[in-house]
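Architecture and fold: a report
Okay, here's what each chain looks like letter by letter:
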Amino acid sequence: MTKEAILYEKMPNDKTLCTACARYCEIGKDQIGLCGIRGNKDGKLELFVYGKVIAGHVDPIEKKPVIHYNPGSRIFSIATTGCNWLCKYCQNSDISQRRKVEGEDMTPEEVANTAIEYGAQGIAYTYNQPSIFIEFARDCGLAARKKGLINIFVSNGYDTPETVKMMGEFLDCITVDFKGSAEPEFTRKFIGVPDPQPIFDTLLELRDKTNIHVEITDLIVPRVGDNLEYAAKLSKFVYDEFGPEMPIHFLRFHPDYKMMDYESTPVKTLEKHYQVAKNAGLEYVYLGNVPGHPWEHTYCSQCNNIVIKRYGFDIQGWNMDENNRCKFCGNKIPITGKLQKGYQQNRFQFVC
Ligand code: SF4
């Protein structure tokens, strides 16, 4: 399936300007953009992967990671091929770096129905950068909303005002994933992104123009993407622009793809990042990919008791009342939604 894109502008000489991500590719006739799935056909920009789903899994919402929004939800997670980033450590490189149009044919209604069939409470657009296929995601999202499902983007944030505007039509939640704390040298060398500024701009655009729930993630890569100075800058930005209650997750890197010769991030390194964010005033700081670590839990910002106890993606304890107030001191915890039915039953997945 292929469909004319919406997020683009026509240019002289049958060229097109794609506005779906901050690369802003100028694409000549019969050429394709960097992501490999948007291209110029006869002076029009086409989305080649409309209705082509390369992977589908039922995951817990905590795996996105999103932990301050409808905790415990089962989420049907889908992707297409292609990506606008070229991460050398990508865990999904088989999907994201495929420059082929492949996948199972699914209409937006079929995507929404599959989510319902597997008892999911929502759909996540993830594994590759979803803004590159946003027109398809939007149609899935609108079909999903009619059935009472929520929609989540797992995004690198390398977006545009145009994509954020379209997100506002259907998205409930987004996690914006920084890598290496957005140190420009790291993004240039390991992602192929010359300037990380559009990620910060996207966050401000989301805050100012939408009501979408936002969480922030930062992948910490040992030796090359673990600079504490940049972690402090990122934490300060988050505190200054979003306040102390914005959740931030520091994730452990595991060797993958072209970075097999790097070790997993030492837990001590992650702990230093945690402290930097706490010192910046952020109250809800988490470590990810370290099952069993005490900083996976949610602590009350007033009395410091555990209000949600976790092990990996599982919720093992819940110490809040029906209004998400701390059971110990009554403090309101900034978590939207109640504890949802667990995701453990009826696991489902396909990968094309
Ligand atoms: S979505 Fe793809 S074609 Fe469009 S600007 Fe980004 S990389 Fe280029």
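It should be noted that the structure appears before, not after, this text.
This report concerns the structure included in the present document.

The rules behind the values
- Residues numbered from 1 in each chain as written.
- Predicted model: local features only at pLDDT ≥ 70, side-chain atom pairs only at ≥ 80, totals over all residues.
- Pairing = 2+ DSSP bridges.
- Helix = DSSP H or I, 4+ residues; strand = E, 2+ residues; numbered from the N terminus.
- Buried ≥ 20, exposed ≤ 12 C-beta atoms within 10 Å, placed from the backbone.
- Core = buried A, V, L, I, M, F, W, Y, C linked by C-beta atoms within 7 Å.
- Domains from an automatic or database assignment.
- Contact = placed C-beta atoms within 7 Å.

Further remarks concern the sheet that holds strand S18 (residues 306-311). Spatially, the three strands line up as an open sheet ordered S17-S18-S19, and their pairing is antiparallel. Looking at the sheet topology across the chains shown, the edges are occupied by strand S17 (298-299) and strand S19 (314-318).

Time to look at the pairing of strand S9 (residues 74-79). Along S9, six of the six residues are buried, which leaves the element largely enclosed by surrounding structure. Residue alternation in S9 divides its side chains into two sets, Arg74, Phe76 and Ile78 and Ile75, Ser77 and Ala79, and both sets are buried. In the sheet, strand S8 (residues 55-60) pairs with S9 via six bridges, with the strands oriented antiparallel. Bridge pairing in S9 places Asp59 opposite Ile75. In terms of strand pairing, S9 meets strand S11 (residues 122-125) through four bridges, oriented parallel. Bridge pairing in S11 places Ile75 opposite Gly122.

Formed by 98 residues in total, the largest nonpolar core has its most connected members in Ile123 and Ile152. Here this core gets six residues from one element, more than from any other, and that element is helix H3 (residues 134-146). Shared between two domains, this core holds at least three residues of each, these being domain 1 (3-47) and domain 2 (52-351). Those residues in contact with Ile123 that lie beyond four places of it in its chain are Ile75, Phe76, Ile78, Val111, Ala115, Cys140, Gly141, Ala144, Leu149 and Asn151. Counting eight residues, the second largest nonpolar core, distinct from the first, contains Cys300, Val307, Met320 and Ile333.

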